[in-house]
Amino acid sequence: LGGLLAWLYARREMNKMGIETEKVSAMFFWTFLAAYVGGRFFFGLEDHTRYFAKPWKLLLPGGGGFVFYGYFLFAIPVLLGFIKWNRYGFGSIFDVIAISGATAHGFGKVGCLLAGCCHGSACQSAWYATTFHHHAADVMPPSLLHQSLYPTQNLDSFLIFGIVGLL
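This is a predicted model, so every value here is computed, not measured. (Residues numbered from 1 in each chain as written. Predicted model: local features only at pLDDT ≥ 70, side-chain atom pairs only at ≥ 80, totals over all residues. Heavy atoms only, no water.)

> Please clarify how the nonpolar core should be interpreted in this entry.
One finds Met 14, Met 27 and Ile 93 to be the most contacted residues of the largest nonpolar core, which totals 14 residues. Each residue touching Met 14, except ones within four places of it in the same chain, is listed here: Ile 19, Val 24, Met 27, Ile 93, Val 96 and Ile 97. (Core = buried A, V, L, I, M, F, W, Y, C linked by side-chain atoms within 4.5 Å. Buried < 20%, exposed > 50% of the residue type's maximum accessible area, 1.4 Å probe, protein only. Contact = heavy atoms within 4.5 Å.)

> Hey, could you run me through the environment of Tyr 51 in this one?
Within the secondary structure layout, Tyr 51 lies in helix 3 (residues 48–51). By relative accessible area, Tyr 51 is classed as buried at 5%. Considering only alpha carbons, one finds Tyr 51 and Leu 33, 18 residues apart in sequence, at a separation of 20 Å. (Helix = DSSP H or I, 4+ residues; strand = E, 2+ residues; numbered from the N terminus.)

> Quick question: what am I supposed to make of helix 4 (residues 68–85) here?
Structural remark: α-helix, 3.6 residues per turn; residues separated by three or four positions point the same way. With 18 residues, helix 4 ought to run about 26 Å at 1.5 Å a step, and its terminal C-alpha atoms sit 25 Å apart, in line with that. Residues of helix 4 that are buried sit in contact with helix 2 (21–46) and helix 5 (90–115). Just downstream of helix 4 lies Arg 87, where phi reads positive at about 60°. (Expected span 1.5 Å × (residues − 1).)

> So what exactly am I meant to see when it comes to the packing of aromatic side chains here?
What describes a pair of aromatic rings is the distance from one ring centre to the other and the angle between the planes of the rings. Scanning the model with the defined rule gives nine aromatic pairs in all. Where Phe 41 meets Phe 74, the ring centres are 6.1 Å apart and the plane angle is 40°; that geometry is what we call tilted. Of this pair, Phe 41 sits in helix 2 while Phe 74 sits in helix 4; the two residues are 33 residues apart in sequence, bridging distant segments of the chain. Relative accessible area serves as the criterion here: at 29%, Phe 74 is assigned to the partly exposed category. (Phe/Tyr/Trp six-rings, centres within 6.5 Å; stacked < 30°, edge-to-face > 60°.)

Don't take any of this as a statement about function, it's just geometry.
Structure, rendered in structure tokens:
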């Protein structure tokens, strides 16, 4: 959902700059592909014992998630290369990409909440905490199930969507 909204926003704004929809779609395709590979690659590095014997599992959907800095480190060079290759202005494109990227990232943090990853540490406040009762994505240690945890995914997504609003 975040990727779709990011693409729709970028398409609208870049069309206003005279960049055709096909170019916006191509930019998003290559950037998304790089982000997917980078995010999964760094996810595999974080849990290398799980994926060392069967690295192809990183390419399959499910069974884990993405690492933000992995998709950031892989997507930015591809995006820069695309902009340079097509001789677009970096400043105006990055004004749009900042909002698009933050939108996608904010929804990604909602995905973290749904998957149970990126959780906070133990929390004593029952009204403020998030508690996970299902170990669906196999990314949370079983010892943290049924415990009150700081809702870092919620806080992150609210902060990121606040940044989108400011931008």
